[in-house]
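These are the residues of each chain, in order.
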Amino acid sequence: MGGRSARPVSGRLSAAEAVALALEGSGLVAEVMADGAIVVRLAPPPAAASGLAPRSTHALLTVADASVPAAWPVAGEAAADEAGARAAAGADGAQKIQITGSRLKRIAAEGPAPVNVYTKEDIERSGQPTLERFLAGLNEASVAPGEGAQGATTGQGAVQLRGLPLGSTLVLINGRRAQAVGSSSANFFNLSLIPLAAVERVEVLPVGSSAVYGGDALAGVVNVILKKSIDGLSLAARAGAGQGSSDSSLSLAAGGQTERASYLLLGSYSRNTPLTMAERGFFRSGDYRRDGGPDTRTRGCTPGTVSSTTGAALPGLGSPVAGIPRVPAGQPLVPGDFAALDGQPNLCNSLANGHGYALVHGDETWGLHAVGEWRLGETWAAFGELTHTRDTLRAEQTGLALNNVLVPAGSPYNPFGEAVRVTGRLGLDNGAEGLARDTRFTRALLGLRGELAAGWDLEATLSTSRDDGERRLLNGSVNAAALAAALGATTPDAALNPFTTGPAASADVLRGIWQDSVRQNHGRKDMAAAFVRGPLAQLPAGPVEALAGVEAARDWYETTLSGVTTRDSRNAAAVYGELRLPLLRAGAEEGRGWPLTTLTLAGRRDRYSDFGSAGTYQAGVELRPARSVLLRASTATSFKPPTLLQTSVDDTSIPAEAFGLVDPARGGEAITGAEVLRTSNPDLGPEKGRAWSLGAVWEPDGSLGTRLAVTAWRVSIDGLIALLWPQVTLDYESRFPGLVTRGPSVGGQPGAVTQVLYSEVNFGRLDTAGVDLDAAYAWRAAGARWTLAGSATRTSRYDVAVAPGAAAEDRVSRRALDYWAPRWKGRLSAGLDTGTWGLGLTGRYLGSYRDTAGDGRRLGDDWQFDLAGRVDLKRLGWAPASAKAASLGLAVTNLGDRQPEFVAAAPYYDVTQADWRGRYASLRLSVDW
């Protein structure tokens, strides 16, 4: 290359090691690409002399990404091909990499705790339209919070690692904490606010640890790495469709670099159309007796049902009830029109009325992502990041409800000449009940990084993130007086017609009765952070790597509902440190050895202004009896602080009679004259967790991606925070001291209750454990690269105690509404890649589990299959001549069009596992110039 040649090498080496050694002194460097290929390039010119420790001048084998994916030309398992990284471990001065789970940089990316890496190509090949849906399909995400109106997040993207409670998974953006947004009541970050087009990869640490990143990491960490640079222009477009739903997206990125600076600017737009209950036959009737369930039909139909106010037969009919007939809009009704439905109310699934409740919310997202870096001399650089997103969600669902309203005899639309009652829903011409949410999210960061003396480096950042949102419950507030006046009005222009399927009143009348319920949410996090890292000492087995850091942050939250504003803020500060100690090393000759035993330690202390302090630790050990074998173990503690909404409750006094309370300490007598005070609990503490993992990894040298891995894990959480119902507080008074106030005792009997505090407390606990299995094999044949991969998670324990005094509940393979885990969840994939085109098939398995309602029927035990294909348009000559690269990809998810199963409790399907899109196809085009 350019007149340069490589020297011969021999020995037992991997391909990556051999290339690195062959290039030493040649002026060339080798780079391991994301697909495992090794690209040889001219080495960059040497840096000017400085007072810092000299760098090695021999050729380096650098790593193009912090985690190079294993041999998956198509959708594969979460594994990492670290052959190149391991080879670099023997070369002095090789580029180190940083992975989730530690801020220390290491040459070998595998550490004491498992980290699963998913690239943007994996996300694209999955065919999933959102980051939330992609994460929900992973083995380590046992359940999902659900989509649509029945989901736990009302259309916000979230992830539940190990099926643990919502909000117990910490989300990072580029390794830094993402704030819990105001629209989630400051409980979790909305993944929908990250432009999917800006995502480079996702790293998942599926065990809890707060010693590195701080609070909220009870279940683990999801680190979303955004794109940092490109050279030129990049255009990507996607279109997807299934029965009743579709999505589309478009992004354009521009980037470049000079000797002193680099930049990336990316703009994106995405749109998802809604999918509703009315578009799925499963919901249309509401009569689930066909599935062994109940008949849930009600009179909330369009048109509705009329009934007598006295129980006597309606005038002109033989029954006190009749369904309202469907007639053309504007046609007046007479009693004879009701004869065909005399005694037969109109029954339907009220949730499928009109458009029906949303199964998938429709939304639009505009995103802007910008990154820049400015070099300040040879070893220092300033950098910045800016992300701005506007996410708009809207779901017009059911018609406006009329619940047993009284229609006086004088109404011009009452055909019976006497007062009657009507139950039903108005037609969609009059508006719809539903949800609309508009969220604006901005994240900005400025930083400085550079090298200090003796091999140490420093990074300092200032960041701010803010979200402002408005949530509207469309027509969710009813003015009862205005409704009664419109029903009793005697002139058509002022009256409401409850008997029609068309327009029921003028727009002014309708607006006077039904108004939107509006909630304003605002959240902000300002943060300053800095750390230094470098070699602390030299041991015979290698340098002791150390890191020390500090953080200071201020969180602010405000919500306004019905004119009442709640706001609060907290300050937090933390100090933390990490050590990586190489204890033993093998094969040190010529610098090509590897660490036999390495110990990693981390500790952190967080202090909050509103509830106190929390200390956490993390420890891990790595044993490498051979270069291709890793044995590892780790233990860590974690915590989740109370949310600002939980620590800043406005005091509200409610009469005890409103709760129907009884006093167990006084023989079950009814409590009267006392108050229930909704308030904050000054003794509320954080939820505390602990995690363990033990595993082994084998990746033979020189392979194309062969890998075997097994990890046993356990996560336990104590002190789950919950709002304690006042009667439960009384039943377990001794367990919650200070929450019940009594008058003086009389004759040895406890005094009468005068006050019960209605507040959040720590009392729940959870313990889950299991095993992760991972295997992959790749080979070359017939001019193509072939891959086989499989992975599975087996959950052996999931014990939950959420009620005082109750025994722990086993939730392994037992469906729950909030958190649980199937015993098995797995994936199998096969694929081939010729370079010009690739094709892959992935099967996703959900193990058998039981419904906890009804007859306890078995669910799951099913496979869903996804197909993905890719064509390199540039190689085929089908791309513009000016394009550097162009590809076209096709993905079809759920080839068998498998629909969610019936369960015996509302909403009659398993929200935590369901995807109502069914078979879904998407096409993606990308072109780079």
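What counts and what doesn't
- The residue numbers shown here count from 1 along each chain, following its written sequence.
- Predicted model: local features are reported for residues with pLDDT of at least 70 only, side-chain atom pairs are reported and counted for 80 or more only, and whole-chain, interface and lining totals are derived from all residues.
- Only hydrogens and water are set aside; all other atoms, that is, all heavy atoms of the structure, feed into the side-chain values.
- UniProt positions are given in the numbering used here, feature names are shortened, and annotations may be inferred rather than shown by experiment.
- Relative accessibility decides the category of a residue: with a 1.4 Å probe and only protein chains considered, values under 20% of the type maximum give buried, values over 50% give exposed, and everything between is partly exposed.
- Counting from the N terminus, the helices are the DSSP runs of H or I reaching at least four residues and the strands are the DSSP runs of E reaching at least two.
- As used here, the arc belongs to the directions running from the helix axis to the C-beta atoms.
- Working rule for contacts: check all heavy atoms of both residues, and any pair within 4.5 Å makes them a contact.
- In protein, a polar contact means a hydrogen-donor-capable atom and an acceptor-capable atom, both N or O and within 3.5 Å, with residues adjacent in sequence counting only if both atoms are side-chain atoms; elsewhere, any N or O pair within 3.5 Å suffices.
- Strands are treated as partners if at least two bridges between them are detected by DSSP.
- We count a salt bridge whenever a side-chain nitrogen from Lys or Arg sits within 4 Å of a carboxyl oxygen from Asp or Glu.
- As defined here, a cavity is a set of points on a 1 Å grid over the protein atoms alone where a 1.4 Å probe fits but cannot get out. A pocket is an open set with protein on both sides within 12 Å along at least five of seven lines, and residues line them when an atom is within 4 Å of a point.
- Grid points are joined across faces, edges and corners, and a volume is the space filled by probe spheres set on the points.
- In this count, Pro and Cys sit with the nonpolar residues alongside Ala, Val, Leu, Ile, Met, Phe, Trp and Tyr, while Asp, Glu, Lys and Arg are called charged and the others, Gly among them, polar.

Per an unreviewed UniProt entry, the protein carries the name Putative TonB-dependent receptor and comes from Rubrivivax gelatinosus. Recorded under Subcellular location (unreviewed entry), the UniProt text for the protein is reproduced unchanged: "Cell outer membrane".

Enquirer: Quick question: what am I supposed to make of helix α6 (residues 480-488) here?
Expert: Each α-helix winds once per 3.6 residues, and so residues spaced three or four apart point in a common direction. Turning to α6, its buried residues number three or more, namely Leu483, Ala486 and Leu487. Buried positions in α6, seen along its axis, are confined to an arc of 100 degrees and lie on one side of it. Against β20 (401-407), β23 (457-478), α7 (507-513) and β24 (514-539) lie the buried residues of α6. You can read the cap of α6 off the contacts: a side-chain oxygen lies 3.2 Å from the backbone nitrogen of Ala481, and it is on Asn479.

Enquirer: I would appreciate a short explanation of the sheet that holds strand β8 (residues 176-177) in the present structure.
Expert: Backbone hydrogen bonds hold the strands of a sheet together, and the pairing may be parallel or antiparallel. One open sheet accounts for five strands, arranged β6-β9-β10-β7-β8; its pairing is mixed. At either end of the open sheet lies a strand with only one pairing partner, and these are β6 (116-119) and β8.

Enquirer: Sorry, what's going on with the pattern of salt bridges here?
Expert: Close approach of charged atoms lets side chains of opposite charge pair. In total, this model carries 54 salt bridges according to the counting rule given. The closest approach of N and O atoms between Glu385 and Arg443, which form a salt bridge, is 2.9 Å. Taken together, the positions of Glu385 in strand β19 (residues 380-399) and Arg443 in strand β22 (residues 432-451) put the pair 58 residues apart, joining distant regions of the chain. For Glu385, a relative accessible area of 10% puts it in the buried group. A salt bridge links Asp767 to Arg714; the shortest N-O distance between them is 2.7 Å. Of the two residues, Asp767 sits in strand β38 (residues 760-781) while Arg714 sits in strand β35 (residues 707-723), which places them 53 residues apart along the sequence. Take Asp767: its relative accessible area is 13%, and that puts it in the buried class. Judged by its relative accessible area of 32%, Arg714 is partly exposed.

Enquirer: For this particular structure, what's the right way to read the layout of surface pockets?
Expert: Empty space among the atoms becomes apparent when a probe as large as a water molecule is rolled across them. Empty space within the second largest pocket amounts to approximately 910 Å³. If you go around the second largest pocket, you meet 44 residues; those closest to its centre are Ala152, Leu166, Asn187, Phe188 and Gln646. At the level of elements, β24, α8 (644-647), β35 and β38 are the ones that each hand at least two residues to the lining of the second largest pocket. In the lining of the second largest pocket, the residues fall into 20 nonpolar, 15 polar and nine charged.

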